Amino acid sequence: MPLKHKPIMDMFDTSVTVFGAPGRYVQGQDALRLVGDCAATLGSRAVLVVDAAICDMLAGRVKESCARAGVELTVLPFSGELGGATGAELQARLGGRLATVIAAGGGRAIDAGKALAERIGGRLITLPTVASNDAPTSKNFVLYDQEHRLLEVRHLMRNPDFVIVDTGILASAPKALFRAGLGDALAKKFEADACLRSGGATMFMAKSTRLAHRIADHCYETLIRHGAGAWSAAGSGHVTEDFDAAVEAMILMAGLGFESAGLSLPHALTRGIPLLPGGGNIPHGVQVAWALIVHFETLRLETPAELEALYRTVGLPLSLGDLGLAPMSSDLEALADATLGARHANNTPFKIDARMLVAAILRVEARAEKRSLAV
Ligand SMILES: [Zn+2]
C-alpha cells in the first residue's frame, strides 16, 4: 500500500529552512560503469528510460553494467512530447512492474524518467548525457503542452537516489548544449540572492538555507574561474580539469543551489519568453541567460564585468537581438504578464510590475544597440 502523506509542496512553509539533495552524486570519466552497482542497492529490477536518439550509444553499456551487478533491465527508448500523459504511457510500456528508474539523456528524457518514477513510486537514478541543465540532481520535472509551452512543474517527494555523471560522455556532447547549461547555472547565485533578500520561498516552499546560498555562490565562482576553459573542452571528448569543475558546478551546485536557496526573476521569465514569436525554440538555459541580464536591469543592479566577458566568450545572449528576436510591444506585455504570474517573480527585494519589467527589457535593448553602434 502506498504511504499516505501530504504532497511535498504542501508540507513546509517559510517558518522553516529545508535542504534537499540527491542520495549520492557520482561524477567522473567512465562513471557509467557504476550504474549497475548503484541500481543493485535499490532493487533487482530496473528500467532504463533513455532518449531514443542516444539509445544505441548508451543502452548496451547500461545493460552490461546491470547484468554484472545482477540487475534485470528493461529498456524504454523515449521520443516525442513530454506531456501530462507521459508517465502513464511509460508505465503501460513497462507492463505495470515495479522497477528502479534509470533516466538517461538530456532534460527531456530525464524528466520523462522522473514522470515514470512518480507514477510507479519507484526509486530513481539519473544519468545525464549532456550538461544542459541541472534537472538530474533535482526533485522537480517539467511537463509541456503541444506548443511546447510550460504546462506544469511537478515535484517528486525525494531527489534522485543516485546521480551518475559520466564526464567522458558529457565532453562528447554538442557544444551548444553546454552553452545552455552554463546560462542556466550562472543565474543561480543571483536568484538565490534575490530570494534570500526578499524572504521568498524556495523549491520546498520553505525559507532559503544559508548552505544552499553559499553553494549557489560557489557555483558562480567556479564557472567564472573554469567556464571559459570548460567551453574550449566542450564537444572535444577530452575531460580537462576546467571541464570537470564546470560540470560539477552546472549539475550539482546549480541543482542544490536553486532547490534549497530559491529562484527569482530569471526563471520566472522563462514562463514569458515562449510567448515571444520564435521564443519557444530557444533552449531553457539560453533563455535564463538573457533573463539574468533583464533581472539585473529590473533590480537596478550592475551586470558583473566578468559575467559579461564569459557571455561573450561562449556566445550567450546579452539582448533580445542576440537571440534573433524582435518582438512587438504587445508581445513584451504578454511576456511580462506571464512572467509576473510565476511564483518566483515574487522573490524580488521590491515588487515588480509589468511596466517596470518591459521598461527594463527596453533599456537592455537600447544599451546593446548603443554598444553595437560604438564598434
Ligand atoms: Zn533552469
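Residues numbered from 1 in each chain as written. Predicted model: local features only at pLDDT ≥ 70, side-chain atom pairs only at ≥ 80, totals over all residues. Heavy atoms only, no water.

(A) Structural context of the overall build of the protein. When helices and strands are tallied, the protein shows 14 helices and eight strands. Taken against the 2.2 N^0.38 rule, which gives 21 Å for 375 residues, the C-alpha radius of gyration of the protein at 20 Å falls within 12% of a compact globule. Projecting the C-alpha coordinates of the protein onto the three principal axes gives extents of approximately 65 × 45 × 40 Å. Split into buried and exposed, the 375 residues of the protein put 55% on the buried side. Relative to all contacts within the protein whose residues are 6 or more apart in sequence, the contacts with residues 24 or more apart total 80%. On the protein, the mean spot of the 37 positive side-chain charges and the mean spot of the 39 negative ones are 4 Å from each other. (Helix = DSSP H or I, 4+ residues; strand = E, 2+ residues; numbered from the N terminus. Rg over C-alpha atoms; globule rule 2.2 N^0.38 Å. Buried < 20%, exposed > 50% of the residue type's maximum accessible area, 1.4 Å probe, protein only. Contact = heavy atoms within 4.5 Å. Lys, Arg positive; Asp, Glu negative; His and termini not counted. Charge placed at Lys NZ, Arg CZ, Asp CG, Glu CD.)

(B) Broad picture of the state of the cysteines. Taken as a whole and assessed by the stated rule, the structure comprises zero disulfides. Cys66 supplies the cysteine sulfur nearest to Cys38, a cysteine that is in no disulfide, at a spacing of 9.8 Å. In this structure Cys38 comes out as buried when scored by relative accessible area, which is 9%. (Disulfide = S-S within 2.5 Å.)

(C) Spatial organisation of the pattern of salt bridges. On inspection of all chains with the given rule, the structure shows 20 salt bridges. Ionic pairing is found between Arg97 and Glu72, a salt bridge with its closest N-O pair at 3.0 Å. Placement of Arg97 in the loop between helix H3 (86-94) and strand S4 (100-105) and of Glu72 in strand S3 (residues 72-78) is noted, with a sequence separation of 25 residues between them. For Glu72, a relative accessible area of 41% puts it in the partly exposed group. Taken together, the shared-partner salt bridges connect Asp30, Arg33, Arg61 and Asp166 into one network. (Salt bridge = Lys/Arg side-chain N within 4 Å of Asp/Glu carboxyl O.)

(D) Quick look at the packing of aromatic side chains. Taken as a whole and assessed by the stated rule, the structure comprises three aromatic pairs. Pairing Phe190 with Tyr220 gives two aromatic rings, centres 5.0 Å apart and planes at 80°, and the pair type is edge-to-face. Of this pair, Phe190 sits in helix H7 (residues 188-198) while Tyr220 sits in helix H8 (residues 210-233), placing them 30 residues apart in sequence. The burial state of Phe190 is the same as that of Tyr220; both residues are buried. On the numbers, 4.9 Å between centres and 80° between planes, the contact of Phe190 with Phe296 is edge-to-face. Residue Phe190 is located in helix H7, and its partner Phe296 is located in helix H11 (residues 284-298); the two are separated by 106 residues in the primary sequence. One exposure class covers both Phe190 and Phe296, and it is buried. In this structure an aromatic cluster arises from ring pairing among Phe190, Tyr220 and Phe296. Lying across the ring of Phe204, Lys139 places its NZ or CZ 4.7 Å from the centre. Stacked on the ring of Phe190, the Lys or Arg Lys189 has its end atom at 5.7 Å from the ring centre. (Phe/Tyr/Trp six-rings, centres within 6.5 Å; stacked < 30°, edge-to-face > 60°. Lys NZ or Arg CZ within 6 Å of the ring centre and 35° of its normal.)

(E) Highlighting the nonpolar core. Residues Phe178, Leu223, Phe243, Leu269, Trp290 and Tyr311 are the most contacted members of the largest nonpolar core, which totals 65 residues. In terms of residue count, helix H9 (residues 241-261) provides more of this core than any other element does, 10 residues in total. The residues touching Tyr311, leaving out its near neighbours within four places in the chain, are Leu186, Ala289, Leu292, Ile293, Leu316, Pro317 and Leu318. Listed in part, the 24 residues of the second largest apolar core include Leu48, Ala104, Leu127 and Phe162. (Core = buried A, V, L, I, M, F, W, Y, C linked by side-chain atoms within 4.5 Å.)

(F) Layout of helix H6 (residues 175-186). Taking 1.5 Å as the rise per residue, H6 with 12 residues should run 16 Å; its terminal C-alpha atoms sit 17 Å apart, in good agreement. Of the residues making up H6, those classed as buried are Phe178, Ala180, Gly181, Leu182, Gly183, Asp184, Ala185 and Leu186. Against H7, H8, H9, helix H10 (265-272), H11 and helix H12 (305-314) lie the buried residues of H6. (Expected span 1.5 Å × (residues − 1).)

(G) Quick peek at the side chain of Asp145. Following the sequence through the fold, Asp145 ends up in the loop between strand S6 (140-144) and strand S7 (150-155). For Asp145, a relative accessible area of 19% puts it in the buried group. For Asp145, the residues in contact, after removing those within four places along its chain, are Glu81 and Leu151.

(H) Quick look at the environment of Leu275. With respect to the helices, strands and loops of the structure, Leu275 is situated in the loop between H10 and H11. Residues Leu275 and Leu186 lie 89 residues apart in sequence; the distance between their C-alpha atoms is 24 Å. Contacts of Leu275, omitting those with residues within four sequence positions, involve Arg149, Ala334 and Ala338.

(I) Focus on the packing of H7 against H8. Relative orientation of the contacting elements H7 and H8 amounts to 150°, with a least axis distance of 8 Å. Between H7 and H8, the interaxial angle falls into the category roughly antiparallel. In terms of crossing hand, the pair formed by H7 and H8 is left-handed. Judged by residue contacts, Lys188, Lys189, Phe190, Ala192, Asp193 and Leu196 of H7 engage His213, Ala216, Asp217 and Tyr220 from H8. Across the contact of H7 with H8, the residue classes break down as five nonpolar, one polar and four charged. (Axes fitted to C-alpha atoms, helices over the stretch in contact; angles between N-to-C directions. Parallel < 35°, antiparallel > 145°, perpendicular 65-115°, else oblique. Left-handed = near helix turned anticlockwise from the far one by under 90°. Nonpolar A, V, L, I, M, F, W, Y, C, P; charged D, E, K, R; others polar.)

(J) Layout of the sheet that holds S4. If you trace the six strands from one edge of the open sheet to the other, you get S1-S8-S5-S4-S2-S3, paired in parallel fashion. Looking at strand neighbours, the two that pair on one side only are strand S1 (24-28) and S3, the edges of this open sheet. Neighbour-to-neighbour, the strand axes of the sheet open up by a mean angle of 15°, direction not taken into account. With five bridges connecting them, S4 and strand S5 (residues 124-128) associate as parallel partners. Considered in S5, the bridge of Ala103 is made with Thr126. Sitting on the sheet, helix H2 (residues 55-68) touches strand S2 (45-51), S3, S4, S5 and strand S8 (162-166), and the angle it makes with S3 is about 165°. Each of S2, S3, S4 and S5 touches helix H4 (residues 107-120); the most contacted strand, S4, lies at about 165° to it. (Pairing = 2+ DSSP bridges.)

Interpretation in functional terms is not warranted from these geometric data alone.
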